[in-house]
Amino acid sequence: MSSWFDYTLNGIIIGNIYALLAVGLALIFGVARLINFAHGSVYVVGAYAGFVAVTQFGTPLPLTILIAVAVGALLGLVIERFGLRPLQGYAHIAPLLATIGISFVLDQIMQLTFSPDPRALPSELLQQRFQVGSGTIGALDLLIAAIGLASAGLLYAFLRYTKLGWAVRATAQDRDAAQQMGVNVDAINRTVFAIASGLGALSGLLVGMYYNYIDPAMSFQATLKGVVAQVVGGVGNVPGAIAGSLLLGLVESYGIALFGTSYRNLFAFVLLVAVLVLKPNGLFASRRQTPPEPMTGTFIAPSKPIHIPYRILVALALVAALLPAVLPDPYVLQTLTNAWLYGLAGLSLTLIAGTVGLISLGHAALLAIGGYASALLSINLGVPIGLSILSAGLIAAAIGTLLVFPSFRLRGHYLSIATLAIGEIVSLVILNWESLTRGPIGISGIPPLSIFGIELDTDRSIYWFTLATLVVLAALQFRLLGSHLGRVLRAVRDDDIAARSYGIGLNRYKALAFAVGSFAAGISGGITSHLYSYINHETFNSQLSILALTIVILGGMGNVAGAILGSVLLVGLPEVFRIAAEYRVLIYGLVLLLLIRFRPQGLLGTV
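Rules of the game
Residues numbered from 1 in each chain as written. Predicted model: local features only at pLDDT ≥ 70, side-chain atom pairs only at ≥ 80, totals over all residues. Heavy atoms only, no water. Helix = DSSP H or I, 4+ residues; strand = E, 2+ residues; numbered from the N terminus. Buried < 20%, exposed > 50% of the residue type's maximum accessible area, 1.4 Å probe, protein only. Areas by Shrake-Rupley, 256 points an atom, 1.4 Å probe, with all protein chains shown as cover. Contact = heavy atoms within 4.5 Å. Core = buried A, V, L, I, M, F, W, Y, C linked by side-chain atoms within 4.5 Å. Domains from an automatic or database assignment. Salt bridge = Lys/Arg side-chain N within 4 Å of Asp/Glu carboxyl O. Axes fitted to C-alpha atoms, helices over the stretch in contact; angles between N-to-C directions. Parallel < 35°, antiparallel > 145°, perpendicular 65-115°, else oblique. Left-handed = near helix turned anticlockwise from the far one by under 90°. Nonpolar A, V, L, I, M, F, W, Y, C, P; charged D, E, K, R; others polar. Expected span 1.5 Å × (residues − 1).

S.K.: Before we move on, can you summarise the overall build of the protein with the specific residues and values?
M.R.: If you tally the helices and strands in the protein, you get 24 helices and six strands. Counting only C-alpha atoms, the protein reaches 70 × 55 × 45 Å along its principal axes. In the protein, which comprises 607 residues, the share counted as buried stands at 56%. As presented, the protein carries roughly 25,500 Å² of accessible surface, and 67% of it is formed by carbon and sulfur atoms.

Rendered as structure tokens:
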């Protein structure tokens, strides 16, 4: 019994920490109608602010907490003013993507400043644990519980009894009406971002002290946990966010007790997808609460796309094919080979996100499915490499569409969150299904590329094979987009209500587009696995999903040639000019931010 008491206590403590994240996210969503994916980065900044204060200046705990909260609040003001306010009036998905770019920039700055190595964040509190009934409790546990309760109480009093709190609630209920009544909604936004970011930074500090561990890479998981807790409780619902956080903490703690630590996050994301599909209002929403705002409108900026004549495209393909004869440098060929592989991922996502309007944030899962499928087929069943790669595309199309299909009823932020969660679920299943995927060890000894028994063991042959694959799939996608089917898919993207009124089965066409796009992603993952000869659950990570989305936005959503151009510019050029690897993610984040702000239609325009 004592162990279950400890697991229950641990779940409540962790739930309190999640609540500080989720409440901030709920406040921001209520006022700005935005899922803030940069919130986890603020959490990391708060943890490191506390680390610097403790280790460099020896500050006492109360002052350390105040410093972390102040730094987080100031950062929230900067994010709101310079990162998000210029995007007012844009499609709802634009500020969401901007927060992803901001997260990339902040995480990379923290990594460059403090190095990727984890640090210990000591606590001044006694490490002794006290006996309570059949279990134990520590001083830090009591502190976290007290801070959680005090924060909830102060926030409740602020929203309920102060004029500024009333203005926040009015803005959350009806922004336009509040503005007409004289409420300065920009000031409200600043206030909410400062409060939310201060709570997020405090959460990072408490987690660092609780585990005596911080590192710059922990922001992504923190954001996801806050999003899960908020969605479970009800998006924009502050009391629901607290309840959802406590439920999430308990579910994770009991899951660890029953199945082990590696299953901890899996339960969280399964819970998220189930709530999104079955009860998108959240588990704790009132029956009278209206359904969540559909948030229609994808990130499609109106523009006239740049038309590249067919002859020029053929000429460019021939130039690319002749390049190894003119420039046989292995480094250049390997770099462009990587660009062609990312181009395949870009083709996949530009069809799904650009043509149909399904913004997928978990696209790397499709590459992972393809990579593992081809590797296992060739190793375990002796399937020829060419056939295993083709089969990987078909398997990725089938599994990916099956996983995402229940989410097609969602729109806007909700669909993006669902695809992100599904991507994480795929990664965690790969990690834990050891009998098939070999778990954290990964798969090694993957056979090298070969076609019809001919091994592709030179840089030139591999380059030509990936280029040929890209050209074939690009030609097929050009043909699809120019057909009646392509026009139907764009109609679904532009106005799904009008499309449905004309008898178009939305889910059927979304599934078809997702299957075709997933096929290209599976092919890319399959080829990658044979090039690397080793893959594990981290080979196709979340950064790859964001990179693919950045490639698509850079080239132009729905633009086939733009996806290829974006992959060359974003993947090839930094390598060719040997920009330091540690700055690459920073470049991706800055490019994404600049594109959304100044050139949302991409270099070649949207189609």
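S.K.: Lay out the side chain of serine 219 with the relevant residues and their values.
M.R.: Along the chain, the position of serine 219 falls in helix H9 (residues 219–233). We classify serine 219 as buried; its relative accessible area is 3%. Not counting the four nearest positions on each side in its chain, serine 219 is found in contact with Gly40, Ser41, Val44, Ser103 and Asp107.

S.K.: Can you break down the nonpolar core residue by residue, with the values?
M.R.: Ranked by size, the top nonpolar core spans 181 residues in total, and within it Ile79, Leu96, Leu97, Ile100 and Leu361 carry the most contacts. Ranked by residues supplied to this core, first place goes to helix H1 (residues 2–32) with 15 residues. Taken domain by domain, the makeup of this core includes at least three residues from each of domain 1 (2–278) and domain 2 (310–468 + 502–598). Other than its neighbours up to four places away in sequence, leucine 361 contacts Phe37, Leu96, Leu97, Ile100, Ser416, Thr419, Leu420, Ser545, Ile546 and Leu549.

S.K.: So what's going on with the side chain of glutamate 80? Residues and values would help.
M.R.: Its place among the elements puts glutamate 80 in helix H3 (residues 61–84). In contact with glutamate 80, not counting residues within four places along its chain, are Arg85, Asp186, Asn189, Arg190 and Phe193.

S.K.: Which residues make up the pattern of salt bridges, and what values do they have?
M.R.: Taken as a whole, this structure holds three salt bridges when the rule is applied. When the shortest N-O distance is used, the salt bridge between glutamate 252 and lysine 225 registers 3.0 Å. Of this pair, glutamate 252 sits in helix H10 (residues 238–259) while lysine 225 sits in helix H9, placing them 27 residues apart in sequence. No difference in accessibility class separates glutamate 252 from lysine 225, as the two residues are buried. For aspartate 494, the salt bridge is made with arginine 493, and the minimal N-O distance between the two is 2.9 Å. A relative accessible area of 56% places aspartate 494 in the exposed class.

S.K.: I'd like to hear about unusual backbone geometry, residue by residue, with values.
M.R.: Unusually for a residue other than glycine, serine 115 sits at a positive phi of about 75°. Within the fold, serine 115 resides in the loop between helix H4 (93–114) and strand S1 (129–132). Phi at asparagine 212 is positive, roughly 55°, even though this residue is not glycine. Structurally, the position occupied by asparagine 212 is in the loop between helix H8 (185–211) and H9. Residue class for asparagine 212 comes out partly exposed when judged on its relative accessible area of 40%.

S.K.: Could you give me a rundown of the packing of helix H2 (residues 39–57) against H8, with the residues and numbers involved?
M.R.: Between H2 and H8, the least distance of the axes is 7 Å, while the angle of their chain directions is 55°. Taken together, the axes of H2 and H8 are oblique relative to one another. Of the two elements, H2 crosses H8, and the hand of that crossing is right-handed. Only Ala196, Ser197, Gly200, Ala201, Ser203, Gly204, Leu205 and Val207 of H8 make contact with H2, whose side of the interface consists of His39, Val42, Tyr43, Gly46, Ala47 and Gly50. Class assignment for the residues of the contact of H2 with H8 results in seven nonpolar, seven polar and no charged.

S.K.: Please provide a residue-by-residue account of helix H11 (residues 264–278), values included.
M.R.: Between the first and last C-alpha of H11 there are 22 Å, a value that for 15 residues agrees with the 21 Å anticipated at 1.5 Å per step. Taking burial as the measure, the 15 residues of H11 include 11 buried ones, the bulk of the element.

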